[in-house]
Amino acid sequence: MASDSAFIDYLMDQLQWLGPVTGRRMFGGYGVFLEGLVFGVVFGNTLYLKVDKDSQADFEALGLPPFTYPRGNKEIALSYYQTPDEALDDTDMLVTWANRAYAAAIRCAAEKSKKPARRV
């Protein structure tokens, strides 16, 4: 757990260049937020960034895997993909990828707000 904590501290420090990034424990991992929107999650010592239909191909082109978890006999993939390793050593690159993830989070939130309310 000590390495997880040090990794999270490092990420939160580096991501402040994006804006007032905050974080909190969630679902056995750690959520990374900007202005109330989660744009990243940390599990183990891996940062996964939010993707959408506009950005997913960029992660896939680099062979980066999605975050997955087991549910029964299936692996469930979420809309978060692993951050490129080189971005973790380069603040400018990390902020660029994180900014793209935040933009994806904004687009996803906008899509959700367009959906009509469910009738009961």
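Residues numbered from 1 in each chain as written. Predicted model: local features only at pLDDT ≥ 70, side-chain atom pairs only at ≥ 80, totals over all residues. Heavy atoms only, no water.

An unreviewed UniProt entry lists the protein under the name Transcriptional regulator, with Zhongshania marina given as the organism.

**Student:** Would you mind going over the confidence of the model for the protein with me for this structure?
**Tutor:** Regions with low pLDDT should not have their predicted coordinates read in detail. Mean pLDDT for the protein: 91, with 92% of residues reaching 70 or above. Of all the helices and strands in the protein, helix 1 (residues 2–15) carries the lowest mean pLDDT, 87, while strand 4 (residues 46–50) carries the highest, 97. (pLDDT = per-residue confidence, 0-100. Helix = DSSP H or I, 4+ residues; strand = E, 2+ residues; numbered from the N terminus.)

**Student:** Is there a simple way to think about the environment of R25 in this case?
**Tutor:** Along the chain, R25 turns up in strand 1 (residues 22–26). For R25, a relative accessible area of 51% translates into the label exposed. Considered as a pair, R25 and G36 are 11 residues apart in the sequence and their alpha carbons are 14 Å apart. (Buried < 20%, exposed > 50% of the residue type's maximum accessible area, 1.4 Å probe, protein only.)

**Student:** How do you make sense of the pairing of strand 5 (residues 66–71) when you look at a structure like this?
**Tutor:** Residues in a regular strand point their side chains to alternate faces of the sheet. Here 5 bridges tie strand 5 to strand 6 (residues 74–82), and the two strands are oriented antiparallel to one another. Bridge pairing in strand 6 links R71 to K74. Here strand 5 folds back onto strand 6, and the loop between the two strands holds 2 residues, one of which, G72, carries a positive phi near 65°. (Pairing = 2+ DSSP bridges.)

**Student:** What should I look at first to understand the UniProt feature "domain: TfoX N-terminal" (unreviewed entry) in the protein in this one?
**Tutor:** Feature annotation in UniProt assigns "domain: TfoX N-terminal" (unreviewed entry) to the following positions: residues 13–105. Across residues 13–105, helical content stands at 26% and strand content at 41%; the span's end C-alpha atoms are separated by 21 Å. (UniProt positions renumbered as here; feature names shortened; annotations may be inferred.)

**Student:** Explanation requested: a negative patch on the surface in the structure shown.
**Tutor:** The grouping of D85, E86, D89, D90 and D92 at the surface amounts to a negative patch. Secondary-structure assignment places D90 in the loop between strand 6 and helix 3 (91–114). Assessed through its relative accessible area of 32%, D90 is described here as partly exposed. (Patch = residues over 30% accessible without salt bridge, like charges linked within 9 Å, V, L, I, M, F, W, Y side chains within 5 Å. Areas by Shrake-Rupley, 256 points an atom, 1.4 Å probe, with all protein chains shown as cover. Salt bridge = Lys/Arg side-chain N within 4 Å of Asp/Glu carboxyl O. Lys, Arg positive; Asp, Glu negative; His and termini not counted. Charge placed at Lys NZ, Arg CZ, Asp CG, Glu CD.)

**Student:** Teacher, can you tell me more about the nonpolar core here?
**Tutor:** When a protein is soluble and globular, its nonpolar side chains tend to lie buried together. Ranked by internal contacts, the top residues of the largest apolar core, which has 27 residues, are L11, L15, V21, V32, F39 and V42. Contributions of two or more residues to this core are made by helix 1, strand 2 (29–34), strand 3 (37–43), strand 4 and helix 3. Here this core takes 7 residues from helix 3, the largest share from any one element. Not counting chain neighbours up to four residues away, the residues in contact with L15 comprise V21, V32, F39, L94 and A98. (Core = buried A, V, L, I, M, F, W, Y, C linked by side-chain atoms within 4.5 Å. Contact = heavy atoms within 4.5 Å.)

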